[in-house]
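# Results of the structural survey
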Amino acid sequence: MIDHKLASRRQILASGAAAGLVLAADDALAQPLLSPTPACHDGDVPTRPEIEGPFFKPASPLRGDLREPGLAGRPVELSGFVLTRACRPVAGALVDLWHADDQGEYDNKGFRLRGHQFADAKGRYAFKTILPGLYPGRTRHFHVKIQAAAESPVLTTQLYFPGEPRNREDDFFHPELVMRVAPSDDALQARFDVVLAMR
Ligand SMILES: [Fe+2]
């Protein structure tokens, strides 16, 4: 169930709903998670930054599929657009994803559950991964870095799951960073559109 108290206006609009229309949760879940074009507006608020945390590693592999043979955990397909404040797609934007395994452990020796890719011509990115596990002091989350181009500023932030009991207790949690999540077959479909602080 999507939590509308936590979903930002922009994320609701991204579902394809008409401006100002508040959908019932079931209706929202019926919307396609990756609309052909994002519904956004000139002047959207940039995605808020958040701490990097202690487990970032540079030089992750170029890959959209982080699943490996033998890797436990519920499949998650994370996708969205990288956009400017004026709602222009940021083609070629770097999106770097890293997160804990289903036991809440990070791979600090290798690159398991770490990877980056570049947004396509429409600003779209997509990862196949698994549901991150919980670890002490934190709610369930993904870590991401997004960069428009090599010399551009890097946005470091975290993405959260709706309806997680620990969201309320985690000091880093913020409702603007909650993904839209819906089940689909055996995988969870998670959607988050990133807005960079650029025109
Ligand atoms: Fe973390």
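Below: a short report on this structure. (Residues numbered from 1 in each chain as written. Predicted model: local features only at pLDDT ≥ 70, side-chain atom pairs only at ≥ 80, totals over all residues. Heavy atoms only, no water.)

## Structural notes on the coordination of the iron ion
Short version of the rule: A 2.8 Å cut-off from the metal defines N, O and S donors, relaxed to 3.2 Å for Na, K and Ca; water is not in the atom list, so some sites may appear incomplete. Only protein chains enter the accessibility calculation, which uses a 1.4 Å probe. A residue is then buried if its area is under 20% of the maximum for its type, exposed if over 50%, and partly exposed in between.
Within the protein, the atoms that donate to the iron ion are Y106 (OH), Y135 (OH), H141 (NE2) and H143 (NE2), at distances of 1.9 to 2.1 Å. Mapping the donors of the iron ion onto the primary sequence gives the spacing Y-x28-Y-x5-H-x1-H. The class of Y135 is buried, set by a relative accessible area of 16%.

## Side note on the packing of aromatic side chains
To be explicit about the condition: Pairs were defined over the aromatic rings of Phe, Tyr and Trp, the Trp ring being its six-membered one, requiring ring centres within 6.5 Å. Orientation was assigned from the angle between planes: stacked under 30 degrees, edge-to-face over 60, tilted for the rest. Runs of E in the DSSP output that reach at least two residues are strands. Runs of H or I that reach at least four are helices, and both are numbered from the N terminus.
Taken as a whole and assessed by the stated rule, the structure comprises seven aromatic pairs. When the ring of F55 is compared with that of Y106, the centres are 4.4 Å apart and the planes differ by 20°; the resulting orientation is stacked. Remark: Y106 occurs in the loop between β2 (94-98) and β3 (114-118) and F55 occurs in the loop between α2 (25-30) and β1 (75-84); sequence separation between them is 51 residues. On the numbers, 5.1 Å between centres and 70° between planes, the contact of Y160 with F173 is edge-to-face. Taken together, the positions of Y160 in strand β6 (residues 154-160) and F173 in the loop between β6 and β7 (180-184) put the pair 13 residues apart, joining distant regions of the chain. Comparing Y160 with F173, the two get one shared label, buried. Ring-pair connections join several aromatic residues into one group, and the members of that group are F55, Y106 and Y135.

These values are about where atoms sit, not about what they do.
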